[in-house]
Amino acid sequence: MNLQIRHEETNGVHYLTLAGEVDAYTAPKLKEMLVPLTEVKNTQIVIDLANIDYMDSTGLGIFVGALKSTKKNDGTLKLRGMTERVKRLFEITGLTEVMDIDNEVKGEAR
């Protein structure tokens with residue numbers, strides 16, 4: 001599967017909406033879009049993950065790096081809309097303790 005990224009800026013806040021999979025194949029595309037935003041002083045970034053079907057450790061690494069860069073530049077990074085499956089991945093790795101994650105979780109069909 002592929003990764004689609006939509007980027008909008010409203011009132012100085014960068015909104016990224018992701019759809020598809022974040023893995024070793026698609027992570028470079030996400031990194032290319034996200035890293036420059038995190039390097040801007042005082043930037044605010046909100047990432048919607050509601051349409052992410054799959055994420056591996058490469059994807060987690062992108063978000064960890066983005067968080068570090070954002071904090072270094074006095075910005076904020078918020079993740080929202082995770083499916084239960086993706087949220088579990090963040091919980092298992094302990095990232096829910098260090099990242100700003102919206103608690104609203106997208107349900108999954110069983």
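Computed from a prediction, not measured in an experiment: that's the story for all the values here.

### Quick look at the packing of aromatic side chains
One pass over the full model with this rule turns up one aromatic pair. Relative to F90, the ring of F63 lies with its centre 6.1 Å away and its plane at 55 degrees, an arrangement referred to as tilted. With F63 in helix 2 (residues 57-72) and F90 in helix 3 (residues 84-92), this pair connects stretches of sequence that are 27 residues apart. According to the relative accessible area criterion, F63 is buried, its value standing at 0%.

### Considerations on the pattern of salt bridges
In this structure the tally under the stated criterion is three salt bridges. As a salt-bridge pair, R6 and E8 come within 2.9 Å of each other at their nearest N and O atoms. Given a relative accessible area of 47%, R6 falls into the partly exposed group. The class of E8 is partly exposed, set by a relative accessible area of 38%. The closest approach of N and O atoms between K87 and E91, which form a salt bridge, is 3.7 Å. One end of the pair, K87, and the other, E91, are both in helix 3, four residues apart, so they sit about a helical turn from each other.

### Considerations on helix 3
Looking only at helix 3, the buried set comprises V86, K87 and F90. Along the long axis of helix 3, the arc covered by the buried residues comes to 100 degrees, so they all point the same way. Two residues or fewer past helix 3, G94 is found with a positive phi of approximately 80 degrees.

What counts and how
- Residues numbered from 1 in each chain as written.
- Predicted model: local features only at pLDDT ≥ 70, side-chain atom pairs only at ≥ 80, totals over all residues.
- Heavy atoms only, no water.
- Phe/Tyr/Trp six-rings, centres within 6.5 Å; stacked < 30°, edge-to-face > 60°.
- Helix = DSSP H or I, 4+ residues; strand = E, 2+ residues; numbered from the N terminus.
- Buried < 20%, exposed > 50% of the residue type's maximum accessible area, 1.4 Å probe, protein only.
- Salt bridge = Lys/Arg side-chain N within 4 Å of Asp/Glu carboxyl O.
- Arc of directions from axis to C-beta.

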